[in-house]
Amino acid sequence: MPLYALFHRVFPVPYGIKLLIAVWIGLGAAAGAGLFAGLIDRVAVVVTILGGCLGSALLAGLLAPIRRVDRTLTQWDRTG
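So, here is what we can say about the structure in this document.

How each quantity is defined
- Residues numbered from 1 in each chain as written.
- Predicted model: local features only at pLDDT ≥ 70, side-chain atom pairs only at ≥ 80, totals over all residues.
- Heavy atoms only, no water.
- Helix = DSSP H or I, 4+ residues; strand = E, 2+ residues; numbered from the N terminus.
- Buried < 20%, exposed > 50% of the residue type's maximum accessible area, 1.4 Å probe, protein only.
- Contact = heavy atoms within 4.5 Å.
- Areas by Shrake-Rupley, 256 points an atom, 1.4 Å probe, with all protein chains shown as cover.
- Expected span 1.5 Å × (residues − 1).
- Arc of directions from axis to C-beta.
- Patch = residues over 30% accessible without salt bridge, like charges linked within 9 Å, V, L, I, M, F, W, Y side chains within 5 Å.
- Salt bridge = Lys/Arg side-chain N within 4 Å of Asp/Glu carboxyl O.
- Axes fitted to C-alpha atoms, helices over the stretch in contact; angles between N-to-C directions.
- Parallel < 35°, antiparallel > 145°, perpendicular 65-115°, else oblique.
- Nonpolar A, V, L, I, M, F, W, Y, C, P; charged D, E, K, R; others polar.
- Lys, Arg positive; Asp, Glu negative; His and termini not counted.

Attention now moves to the overall build of the protein chain. In terms of regular secondary structure, the protein chain is built from four helices and zero strands. Counting from the amino terminus, the protein chain carries its helices and strands in the arrangement α-α-α-α. Projected onto the principal axes, the alpha-carbon positions of the protein chain cover approximately 55 × 25 × 15 Å. Counting the 80 residues in the protein chain, one finds 10% classified as buried. A separation threshold of at least 6 residues defines the contact pool for the protein chain, and within that pool the share at least 24 residues apart is 39%. Summing over all exposed atoms, the protein chain offers an accessible surface of approximately 6,300 Å²; the carbon and sulfur share of this is 73%.

Written out as structure tokens, the structure reads:
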């Protein structure tokens, strides 16, 4: 939980977006480290970015029910 609290301080956005940010940070770190070390070429970086886009789209689709529940609870909290 402390890691989530820290992440929430840096990125005060809904949970689904936090998850996507974490995925992109991980992909970016892996691609950047590999490119910096000269272990992968530019084509691999492009494939990693495209894979990240596809993975983000799939995660967004999987998180749709959670966002729906979050919207419902937020609306209920506002209206009582």
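Further notes follow.
This paragraph deals with helix α3 (residues 42–62). A rise of 1.5 Å per residue sets the reference length of α3, with its 21 residues, at 30 Å; its end C-alpha atoms lie 30 Å apart and thus fit the reference within 8%. Among the residues of α3, those classed as buried are V45, G52 and S56. Relative to the axis of α3, the buried residues are bounded by an arc of 30° and lie together on one face. In α3, the exposed positions that point more than 90 degrees away from the buried face belong to V43, V47, L50, L54, L58 and L62.

Okay, a nonpolar patch on the surface next. Among the surface-exposed residues, L3, L6 and V10 lie close enough to one another that they form a single nonpolar patch of about 320 Å² accessible area. Within the fold, L3 resides in helix α1 (residues 2–10).

With their axes 10 Å apart at the nearest point, helix α2 (residues 15–37) and α3 run at an angle of 170° to one another. One finds that α2 runs roughly antiparallel with respect to α3. Contact residues: L19, L20, V23, W24, L27, A31 and L35 in α2; V45, T48, I49, G52, C53, S56, L59 and A60 in α3. By residue class, the composition of the contact of α2 with α3 is 12 nonpolar, three polar and no charged.

Once that is clear, we can look at the side chain of K18. Here K18 shows up in helix α2. No salt bridge is formed by the buried K18, whose closest oppositely charged neighbour, D70, lies at an N-O distance of 9.3 Å. K18 has contacts with Y4, F7, H8, F11 and V13, leaving out every residue within four places of it along the chain.

Before going further, it helps to spend a moment on helix α4 (residues 64–79). With 16 residues, α4 extends 23 Å from end C-alpha to end C-alpha; this agrees with the ideal 22 Å at 1.5 Å per step. Little of α4 sits out of view: just zero of its 16 residues are buried. Of the residues flanking the end of α4, it is G80, one or two places downstream, whose phi is positive at about 85°.

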